[in-house]
Amino acid sequence: MDNTRGRLTKDGIRIYDSADFAGMHAAGALAARILDDIAPLVFPGQSTEAIDKRITELVEESGATSATIGYKGYQHASCISVNHVVCHGIPGPKTLKDGDILNIDVTVIVDGWYGDTSRMYVAGKLPRKAERLIQVTHDSLFKGIEMVRPGNTFGDIGHAIQTYVEGHRMSVVRDFCGHGLGRVFHAPPNVLHYGRPGTGAVLEEGMFFTIEPMVNLGRPETKTLADDWTAVTRDKSLSAQFEHSVGVTANGVEIFTLSPGDKFHPTWT
């Protein structure tokens, strides 16, 4: 696999060619379609391992490859993070309860290109405080995406997310961040979801990366459990996350992981 396409900036960020956008769109579209397709499987009494099993089948049926199975020893096609789990929740036999919220994160490889996206789901009736958290997290992602255009900086993205979230009296997780991707899973830059305007690397046409804010109802601190994967809020407050993979264009941004069925937001009708 050719991981050396394009050139590197002085910050070590790869710049891809205009023709490479098609590969990212194909990978992103598959990841997004899988997240559309598994929505009916999220309900009280369902286990997260059953959801992951179906995701594994959908990846295989598409002829693609899961980026997470075998990654640093991980053995699942998704991360499923419930309630106060911030990210990297491991699918298992525990069943969902009415009112649980969960983030499902899927990354696939299509013809060598990585498509990475996550979104929130609700099992049963959505509690009001969880609804507010999900809405603010969803909207903060798009506040960040609005800042993606040549000449802006990664600090501009983080600042837009942070000020929006904190303006709603919630907190942005600082222990995890977005990342560059393309023909590799993780690459420079680290895309922080907080920061100061005008700081960090300058955005250039051809950069590919994820923006994936994690927002807590309580404090921002997290801890990782003994399994070395599952990250939870230290104060056990609810957490939410949304993630898109994007590319910088000459005039702005393209989102590679748009939902084919317009189901990216969990309260669709």
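Computed from a predicted model, the values in this text were never measured in an experiment.

Asks: Would you explain the environment of D11 in this entry?
Replies: With respect to the secondary-structure elements, D11 resides in the loop between β1 (7–8) and β2 (14–15). Counting along the chain gives 10 residues from D11 to F21, while the straight-line C-alpha distance between them is 21 Å. In this view, D11 contacts P188 and A201; residues no more than four positions away in its chain are not counted.

Asks: I keep staring at the sheet that holds strand β8 (residues 171–172) and nothing clicks. Help me out?
Replies: Within a beta sheet, neighbouring strands are joined by backbone hydrogen bonds and run either parallel or antiparallel to one another. In space, the 3 strands of this open sheet follow the order β8-β12-β15, with antiparallel pairing throughout. Where the open sheet ends on each side, the last strands, each with one partner, are β8 and β15 (239–241). By the bridge criterion, 2 bridges tie β8 to strand β12 (residues 214–216) in an arrangement that is antiparallel. Counterpart to S171 in the pairing with β12 is N216. Where helix α3 (residues 128–145) meets the sheet, its contacts fall on β12 and β15, and the angle it forms with β15 comes to roughly 35 degrees.

Asks: Would you take a moment to explain the sheet that holds strand β13 (residues 222–224) for this structure?
Replies: Sheet architecture is open: 3 strands sit in the order β5-β14-β13, paired in antiparallel fashion. The sheet is open, and its two borders are formed by β5 (85–87) and β13, each paired with just one other strand. Strand-to-strand twist across the sheet, computed as the mean angle between neighbouring axes with direction ignored, equals 40 degrees. Looking at chain direction, β13 and strand β14 (residues 231–233) are connected through 3 bridges and run antiparallel. Bridging across to β14, K223 finds its partner in V232.

Asks: For this particular structure, what's the right way to read helix α2 (residues 48–62)?
Replies: An α-helical turn contains 3.6 residues, so any two residues separated by three or four positions project in the same direction. For α2, built from 15 residues, the straight-helix expectation of 21 Å at 1.5 Å per residue is met to within 8% by its first-to-last C-alpha distance of 21 Å. For α2, every residue scored as buried is listed here: T48, I51, D52, I55, T56, L58 and V59. Taken down its axis, α2 places every buried residue within 165 degrees of arc, on the same side. Opposite its buried face, α2 presents the exposed residues K53, E60 and E61, each directed more than 90 degrees away. Buried residues in α2 make contact with α1 (20–37), β3 (65–66), β4 (79–82) and β6 (101–110). A positive phi of about 80 degrees marks G63, the residue just after α2.

Asks: Can you walk me through the packing of α1 against α2 in this structure?
Replies: The relative placement of two packed helices comes down to the angle between their axes together with the axis-to-axis distance. Orientation of α1 relative to α2, taken along the N-to-C sense of each, is 140 degrees, at an axis distance of 10 Å. Taken as axis vectors, α1 and α2 run oblique relative to one another. Note that α1 runs across α2; the crossing there is right-handed. Residue-level contacts link L30, R33, I34 and D37 of α1 to I55, L58, V59 and S62 of α2. Of the residues belonging to the contact of α1 with α2, the class tally is 5 nonpolar, 1 polar and 2 charged.

Asks: I'm lost on unusual backbone geometry in this one. Help?
Replies: Glycine aside, residues mostly have negative phi, and peptide bonds are mostly found in the trans state. The residue after P188, namely P189, is reached through a cis peptide bond having omega 10 degrees. Relative to the assigned elements, P189 resides in strand β10 (residues 187–191). The phi dihedral of H88 falls on the positive side, at around 65 degrees, and the residue is not glycine. Positive phi, normally seen in glycine, also occurs at D228, with a value near 70 degrees.

The rules behind each value
Residues numbered from 1 in each chain as written. Predicted model: local features only at pLDDT ≥ 70, side-chain atom pairs only at ≥ 80, totals over all residues. Heavy atoms only, no water. Helix = DSSP H or I, 4+ residues; strand = E, 2+ residues; numbered from the N terminus. Contact = heavy atoms within 4.5 Å. Pairing = 2+ DSSP bridges. Axes fitted to C-alpha atoms, helices over the stretch in contact; angles between N-to-C directions. Expected span 1.5 Å × (residues − 1). Buried < 20%, exposed > 50% of the residue type's maximum accessible area, 1.4 Å probe, protein only. Arc of directions from axis to C-beta. Parallel < 35°, antiparallel > 145°, perpendicular 65-115°, else oblique. Left-handed = near helix turned anticlockwise from the far one by under 90°. Nonpolar A, V, L, I, M, F, W, Y, C, P; charged D, E, K, R; others polar.

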